[in-house]
Amino acid sequence: MKHELKALRERALADISSAEPANLKDLEVSLLGKKGELTSLLKGLGSLSIEEKKDIGKFANTVRDEIKLAFEDRSSDILAAEMAALAKNEWIDVTHQPLTNKQGTVHPFSQIMQELEGIFTSMGFEIFDGDHIETEEFNFDALNIPPDHPARDHQDTFWLQDGRVLRSQTSDTWARILRTRDFPLRGVSLGRVFRNEALDASHEHTFHQFEGFYIDKDVSVANMTSALQTMLSRIFGTDITVRLRPGYFPFVEPGYELDFQCTVCNGKGCSVCKHVGWIELLGCGMIHPNVLRMAGKDPDQWRGFAWGGGLERLLMMRHKISDIRMFHECDIRDLRQF
Amino acid sequence: MKLSLSWLREYVPLGDIDSTQLVHDITTHVAELEGVEDMKTTLANIFVGKALSVEPHPNADRLRISQVDLGADMGTRQIVCGASNLEAGQIIAVAIEGAKVFGGSVTIKKTKIRGEQSNGMICAEDEIGLGGDHLGIMVLDPALESQLGTPLADALQLDDIILDIDNKAISHRPDLWCHLGFAREIAAIYNLPQPQNPTITLPTAEASDLYSISLETDDCLRYAGMSVSGIPAGLTSPAWMQKRLESCGIRPISLLVDLTNYVMLEQGQPLHAFDADKLSGNDIIVRNAQEGEKIITLDDQERTLSDSYVVIDDGKDPVAVAGVMGGASTEIDSTTTSVFFEAATFKKKPVREARIGLGLQSESSNRFEKGLNPVLPSVALNRVAELLAELCPEATIASVQEAHNGTTFDEITEDTVIVTTRDYLAGISGVDISSSEICDTFAHLGLVATGTDTISVTIPYYRHTDLCEPADLAEEFIRIYGLENLPTVAPSADVIAPTLNTRRQFEWKLRDILSSLETHDVHLYDFINEELLNKCGFDLDGIIGVNNALTTDCTHLSPTLIPQLLLCTDRNLRFQDTISLSRIGKVYSQTFEKLSISGSYSAKKESTPYHHIQSIVSGLFAALNLSVSFTPSTDIEPLYHPGRHATLSVNGTTLGRIGELHPLVQNNLGIKERVAIYEIDFDLLFELYNSLPTLEHQSTPTFPSVTQDFSLLVDRLELAENLRSSVLSSSSLATECTITDVYMGEGIPDDKKSVSLRFTLLDSQATLTEEVISEARQNIIESLQKLGAEIRGL
């Protein structure tokens, strides 16, 4: 019997080592299963003496263990071979995209407003917004632009049938906020404004401004320059050099135009800055005492600076957009680029 | 406004100054410039030369070779020229290497033309910006032969520099609308002596009562007139005056007219000259126009006037629209020998109204609209008298008269004083500076400032309109001190955490969600016009209109975002198969302005786009943790398809509507595909979102659930929502129910539909037993049967 066991062992080990992966499980059942060869061979044990039983039994267990081990070895070899062949056997074309990407887009106006609001908030400014339909009082008078003031003609205003206007600047928001809020106060309003103009590549009747103010006890022009320089450096993501020039806006006194040094040529002059070295960006100045007075605040006690600029200008400069009409055209082929 | 630098130099000793530096300094101290014309720079490297010989070019029929004499220093050069009018002996303009021609676009170099050396270019007028003539080369005055080799600009005395000031930048400074005013500024920038102030009394005359001047309106502060007789007819102004006028963009006409313009450009006071013989009598009445009154103006146009304008009346007819334009009936012509010069101070408003109403902008109206000082008429008439004495000594000043409203002449010429402090000026500028330095800075401008802690600044009459309070002085101090000298100092403020604008943040959140739902966030116009409103089924009731729209697209404000979304969809459908847009924007009526969230979906050949837009809307609400209900609507809404239209609500609060676009509107707009749309009230949604209680976490059930499917036959019009709620309400164990399929058509009766429905049973406290499941199932069956459902396979 021992002899038969030995023969079984030899045959089994040879079969296992050459078994195909698909047959391995069947082979294991046929050798070691309840009705397998080893089990049936050992059924003959009953006719043997106790001594022989002991001896053969022990030997049979060794054979069983050896066969089991051979199976384990064989399956781990097979697994290793399969894993090694994965790259070839399960290759797919990873450049092919059968499922199309339908991600929507966020309009550049939305993106930049959200971005600026984040920057202003981080600098301690509160974000305000206001209505588009504004009274003559807040669009003009409260901003120190009385009815016969020439500045009224600088802005071609849309007048509504009920005598109100479409706001021609976001400054109306702070004219309102100044009345209702206590000082010190720092705020920014971003939004849509309207000018009654015919459309072309550089003129829009609907555009966007970002406008802010900073009111405290001892605020200076020097503070304004510093704050605006910091703000613009954050917006452009690089250190920005600014300069002030006299500029006229009825709601500030002194009033300035703020230029920043061309970041393309560092002020040497290039086609981007029209060879001047500087690019005009904002209007700014110290809030006119009349504006504070009209808001019921004491200009001897409080001072502030304010600024305003166009979002289109920022975006067109940043992304080299040549036609302002692109923004409201909303061709998806344009929007997908942002 | 154009200024001549040579004219400015009469008032301020500028010395040798580089025009680039001057432009920079004016820009950084006074006002922006629109441009600068510097003929000397434009004509650099162009010289006076003489064509010594003109010979044919051996290799080109149309070209000729000239030997050109450029004087002793530069000698003779060979130049190839194509002009047919070139002849030997002509005095010509020669551009040599480095010269820029054709508006700066071409730089001259030594070169070979068809094999022959050419060392320059013989210029035509238009090639060097001296006129439009390109008939041939420019042939100069033979007298210039003595100046061969002289720069052309010098030889032609084109040495002036013209500064073009941006009018908008000086609209608050009436004093700057003339050469004298700018000379004061330039003197201040370079700390040069201030120009002498002009005489501010009226000129003297033989008589003072030739005319009876009456001011019948408050809109004229002062009216001064000077009548001059004995002028020889047909006089023209001298060449120097014509050149200055032309430099400043004014066409010379005759001595008398040119005088008025010259004095205006010099002193800032517009004048008008009437032919005295054409005035009907001796009355000069300044009054408001009568509504509908007519006058023929100098440009021979008949103008209809409004009562907000002021006219000058000669006792019979209006003879001028005050501050805007004179009348044709009293125009100066070649026979004029006596003149009535008018110099008046009209208020801003009537001039502005007349300018807008008549569409007549003039040099005169530009100045009056800024608010002129009543002293100026005296200054101007004095200057006219002075120039007349020089240019037309035969003329006699017959009378000088004036009338004024309210304030006396002495009062208006009085200096005013503004009191400020050193601390204020140092504080607002951020410059640590002494009182004496401050006073010195004001002195640059001719403002007398005195004091130490308290500083008193005396304001001359010509700055009365714009220097009114300390803030105005701060502006003057800072710009003359020099903006480039100002420090940059970070504000030293307390840290304030700004209140967050949660409404605005909600808006950004929505835009982000919508873009993740495969829609494009768009910004479109708020405008609409009557035609588009009508096409969308709206009339003008309650719509707010624009009074003065320049373009026909902007006549009204839209009460809904949908029409512009539809136009945008239509534009995009030309290039896209699917177009899904969303917009958060304002909608308007006569009673409201509010934010709306709206969207549209359209795809080629999609017959039921409703379900796409529905998934976007439910996705939006799900992202906000809100559960939205779609309730069929029978409201008549012109934009919405009557059978595919629902209201949107959350927990019973209606927030908006959703549906497909009414095919009639689609047809009116010519959109090829069906479109689905929705509109949600932003603030209602924001309010609802804000009122959500803080979310409380529910433990995930540990017991297994059971999912079962039913197939039903129900009435065709039975709502999916009713079936769902019927299942969910019939058993407390039913936690989810979805409609997996709906079928209508073959094999199903016409008034029925087949619905597949899947529900989940779950007990969060125990494992479901067969009995419990069967009981729940029975309840669900009964509940569905109450709706008339026939459950198949039961």
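Computed from a predicted model, the values in this text were never measured in an experiment.

Conventions used here
- Residues numbered from 1 in each chain as written.
- Chains lettered and ligands numbered in written order.
- Predicted model: local features only at pLDDT ≥ 70, side-chain atom pairs only at ≥ 80, totals over all residues.
- Heavy atoms only, no water.
- Helix = DSSP H or I, 4+ residues; strand = E, 2+ residues; numbered from the N terminus.
- Rg over C-alpha atoms; globule rule 2.2 N^0.38 Å.
- Buried < 20%, exposed > 50% of the residue type's maximum accessible area, 1.4 Å probe, protein only.
- Contact = heavy atoms within 4.5 Å.
- Areas by Shrake-Rupley, 256 points an atom, 1.4 Å probe, with all protein chains shown as cover.
- Lys, Arg positive; Asp, Glu negative; His and termini not counted.
- Charge placed at Lys NZ, Arg CZ, Asp CG, Glu CD.
- Phe/Tyr/Trp six-rings, centres within 6.5 Å; stacked < 30°, edge-to-face > 60°.
- Salt bridge = Lys/Arg side-chain N within 4 Å of Asp/Glu carboxyl O.
- Pairing = 2+ DSSP bridges.
- Axes fitted to C-alpha atoms, helices over the stretch in contact; angles between N-to-C directions.
- Polar contact = N/O pair within 3.5 Å; in protein donor to acceptor, adjacent residues only side chain to side chain.
- Buried area = accessible area lost by both parts, 1.4 Å probe.
- Disulfide = S-S within 2.5 Å.
- Expected span 1.5 Å × (residues − 1).
- Left-handed = near helix turned anticlockwise from the far one by under 90°.
- pLDDT = per-residue confidence, 0-100.

## Points about the overall build of chain A
If you tally the helices and strands in chain A, you get 14 helices and nine strands. Computed over its C-alpha atoms, the radius of gyration of chain A comes to 42 Å, more than 25% above the 20 Å expected for a compact globule of 338 residues. Based on the C-alpha atoms only, the size of chain A along its principal axes is roughly 130 × 50 × 45 Å. Within chain A, the proportion of its 338 residues that are buried is 51%. Of the contacts made within chain A by residues no fewer than 6 positions apart, 68% connect residues no fewer than 24 positions apart. Looking at chain A as shown, the accessible area adds up to about 15,900 Å², and 51% of this sits on carbon and sulfur atoms. Positive and negative side-chain charges of chain A, numbering 40 and 51 respectively, have mean locations separated by a distance of 7 Å.

## Considering the packing of aromatic side chains
For the coordinates displayed, the defined rule picks out 30 aromatic pairs over all chains. When the centroid spacing of 4.4 Å and the interplanar angle of 15 degrees are considered together, the rings of B:Trp7 and B:Tyr262 count as stacked. Here B:Trp7, found in helix H1 (residues 5–9), pairs with B:Tyr262, found in helix H8 (residues 255–267); they are 255 residues apart in sequence, far enough to count as distant. The residues B:Trp7 and B:Tyr262 share a single accessibility class, namely buried. These aromatic residues form a ring-pair network of at least three members: A:Phe120, A:Phe125, A:Phe210, A:Tyr214, A:Phe305 and A:Trp307.

## A look at the pattern of salt bridges
All names here are of chain B. Summed over the entire model, instances satisfying the criterion amount to 64 salt bridges over all chains. Here Asp299 and Arg303 are joined by a salt bridge, their closest N and O atoms 2.6 Å apart. Salt-bridge contacts for Arg758 lead to Asp709; the nearest nitrogen and oxygen are separated by 2.7 Å. Of this pair, Arg758 sits in strand E38 (residues 752–761) while Asp709 sits in strand E36 (residues 706–715), and the two are 49 residues apart along the sequence.

## Points about the sheet that holds strand E15 (residues 272–275) of chain B
Residue and element names in this part refer to chain B. Strand order in the open sheet made by the four strands is E15-E22-E14-E23, with antiparallel pairing throughout. Looking at strand neighbours, the two that pair on one side only are E15 and strand E23 (396–404), the edges of this open sheet. Across this sheet, the average inter-strand angle for adjacent strands is 20 degrees, counted without regard to direction. Of the strand pairs in this sheet, strand E14 (residues 220–229) and E23 are connected by eight bridges, and their pairing is antiparallel. What sits directly across from Met226, in E23, is Val400. In the packing of helix H11 (residues 376–391) onto the sheet, the strands contacted are E14, strand E22 (339–346) and E23, and the crossing angle to E14 comes to about 15 degrees.

## Some words on the side chain of B:Glu185
Residue and element names in this part refer to chain B. Positionally, Glu185 belongs in helix H6 (residues 179–189). At 2.6 Å, the side chain of Glu185 and the side chain of Arg173 are in polar contact. Dropping the residues within four chain positions of it, Glu185 is found in contact with Val30, Arg173, Leu176, Leu445, Arg463 and Arg479.

## Some remarks on the interface of chain A and chain B
Facing 85 residues of chain A, the contacting portion of chain B comprises 82 residues. Taking both partners together, chain A and chain B bury about 7,000 Å²; carbon and sulfur atoms supply 53% of that area. Seen at the junction of chain A and chain B, the total is eight salt bridges. Across the pair B:Arg571 and A:Glu329 runs a salt bridge, and its minimum N-O distance is 3.5 Å.

## Points about the environment of B:Tyr461
Residue and element names in this part refer to chain B. With respect to the helices and strands, the residue Tyr461 is situated in the loop between strand E26 (454–459) and helix H15 (470–481). Between the alpha carbons of Tyr461 and Ser731 there is a distance of 92 Å; along the sequence they are 270 residues apart. Tyr461 has contacts with Pro198, Ile200, Asn373, Val375, Val379, Ile412, Thr413 and Asp415, leaving out every residue within four places of it along the chain.

## As for the state of the cysteines
Where two cysteines share a covalent bond between their sulfur atoms, that bond is called a disulfide. According to the stated counting rule, one finds zero disulfides over all chains in the structure shown. You can see B:Cys554 has no disulfide; the closest cysteine sulfur is in A:Cys330, sitting 16 Å from it.

## Quick word on helix H10 (residues 221–236) of chain A
A rise of 1.5 Å per residue sets the reference length of H10(A), with its 16 residues, at 22 Å; its end C-alpha atoms lie 22 Å apart and thus fit the reference within 8%. Along H10(A), the positions that sit buried rather than exposed are A:Val221, A:Ala222, A:Asn223, A:Met224, A:Thr225, A:Ser226, A:Ala227, A:Leu228, A:Met231, A:Leu232, A:Ser233 and A:Ile235.

## Observations regarding the packing of helix H22 (residues 720–730) of chain B against helix H23 (residues 770–786) of chain B
Residues and elements named next belong to chain B. With their axes 8 Å apart at the nearest point, H22 and H23 run at an angle of 145 degrees to one another. Crossing hand, H22 versus H23: right-handed. Residues Leu723, Ser726, Val727 and Ser730 of H22 touch H23, and the partners they reach there are Asn779, Ile780, Ser783 and Leu784.

## So, the sheet that holds strand E5 (residues 76–81) of chain B
Residues and elements named next belong to chain B. Pairing is antiparallel across the open sheet formed by five strands, whose spatial order is E5-E4-E3-E6-E11. At either margin of the open sheet sits one strand with a lone partner, and together these are E5 and strand E11 (121–122). Bridge count for strand E4 (residues 60–69) against E5 is six bridges, and the pairing is antiparallel. Among the inter-strand pairings, Arg64 is bridged to a residue of E5, identified as Cys81.

## A look at the confidence of the model for chain B
Scored by pLDDT, chain B has a mean of 93; 99% of the residues are at 70 or more. Within chain B, the element-level pLDDT minimum falls on helix H12 (residues 409–413) of chain B, averaging 70, and the maximum on strand E35 (residues 676–681) of chain B, averaging 98.

## Observations concerning the confidence of the model for chain A
Predicted confidence across chain A gives a mean pLDDT of 90, with 99% of residues reaching 70 or more. The lowest-confidence element of chain A is helix H8 (residues 151–154) of chain A, averaging 69 in pLDDT; the highest-confidence one is strand E2 (residues 133–134) of chain A, averaging 96.

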